[in-house]
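Descriptive structure summary
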Amino acid sequence: ELKVEQNPLFLSMQEGKNYTIYCNYSTTSDRLYWYRQDPGKSLESLFVLLSNGAVKQEGRLMASLDTKARLSTLHITAAVHDLSATYFCAVVRDNYGQNFVFGPGTRLSVLP
Amino acid sequence: GAGVSQTPSNKVTEKGKYVELRCDPISGHTALYWYRQSLGQGPEFLIYFQGTGAADDSGLPNDRFFAVRPEGSVSTLKIQRTERGDSAMYLCASSSQRGRTLISYNEQFFGPGTRLTVL
């Protein structure tokens, strides 16, 4: 059974600091997605990582994928308050299906 | 352009009642997904449609849950004999296929959700 784990589950950090969120998954998958969810809102797609070694960056966020280690990271550089949200990673259950399995989410709070 | 819309935004019902939740996907998106999200957790896959057919309904928790997409666009999630444990946010997403044939992927666009409360 495919399991997706994230750590930390809660993260409180000060503005200007750097930090990394980790996403581990238990079986082979070549596609990994990162989403952001603001309180009471729906999910917003951030990144789609399609291959081993893929790296994508948008503003202060950078995501990478290591399919051999079954690990993705979401790195936050010089955090700002606007980044406060819950971040989810998701993996497709098999390489041809569309059954997405989400991690439990990392709730990020950036303090001034 | 218009995004994914869901109605109602909130639904309060009593235990044992029947409810229908509606999803209008982005025009032209052939794939449609339903998820259930409980407070403090990640979305849980329920069902995926490709066109009119349910390509994967393995996430539906039991036979009280059913979903249709008769014309390949709007979808309705139907819950019979609701239970208090059904209370959650129900999210719908639609997607189109991107990328080359061998390295294609679906980027999902989520609707605002329907918050279902069963009293």
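Conventions used here
Residues numbered from 1 in each chain as written. Chains lettered and ligands numbered in written order. Predicted model: local features only at pLDDT ≥ 70, side-chain atom pairs only at ≥ 80, totals over all residues. Heavy atoms only, no water. Core = buried A, V, L, I, M, F, W, Y, C linked by side-chain atoms within 4.5 Å. Buried < 20%, exposed > 50% of the residue type's maximum accessible area, 1.4 Å probe, protein only. Contact = heavy atoms within 4.5 Å. Helix = DSSP H or I, 4+ residues; strand = E, 2+ residues; numbered from the N terminus. Pairing = 2+ DSSP bridges. Axes fitted to C-alpha atoms, helices over the stretch in contact; angles between N-to-C directions.

1. Describing the nonpolar core
Val 4, Leu 32, Trp 34, Leu 74, Ile 76, Tyr 87 and Leu 108 of chain A are the most contacted members of the largest nonpolar core, which has 26 residues in total. Here Tyr 87 of chain A is in contact with Gln 6, Ile 21, Tyr 35, Arg 36, Leu 46, Leu 61, Leu 74, Gly 105, Thr 106 and Leu 108 of chain A, once residues within four sequence places are set aside. With 20 residues, the next largest nonpolar core counts Val 4, Val 19, Ala 67 and Val 118 of chain B among its residues.

2. What to know about the environment of Pro 39 of chain A
All names here are of chain A. With respect to the secondary-structure elements, Pro 39 resides in the loop between strand E4 (32-37) and strand E5 (43-49). Taking the relative accessible area as the measure of exposure, Pro 39 reaches 73% and is therefore exposed. Linking Pro 39 and Asn 52, residues 13 residues apart in sequence, is a C-alpha distance of 32 Å.

3. Quick word on the pairing of strand E6 (residues 53-56) of chain B
Residue and element names in this part refer to chain B. Relative to E6, strand E5 (residues 44-50) is paired through three bridges, and the arrangement is antiparallel. Pairing of Tyr 48 across the sheet is with Asp 56, part of E6. From the end of E5 to the start of E6, which pair antiparallel, there are two residues, and Gly 51 there has a positive phi angle of about 70°.

4. Observations regarding the sheet that holds strand E1 (residues 5-7) of chain B
Residues and elements named next belong to chain B. What the four strands build is an open sheet, ordered E1-E3-E8-E7; its pairing is antiparallel. Each edge of the open sheet is held by one strand with a lone partner, namely E1 and strand E7 (65-68). Each strand of the sheet is rotated relative to its neighbour by a mean of 15°, with strand direction disregarded. Pairing analysis gives four bridges linking E7 to strand E8 (residues 75-79), with the strands arranged antiparallel. By the bridge assignment, Phe 66 is partnered in E8 with Lys 78.

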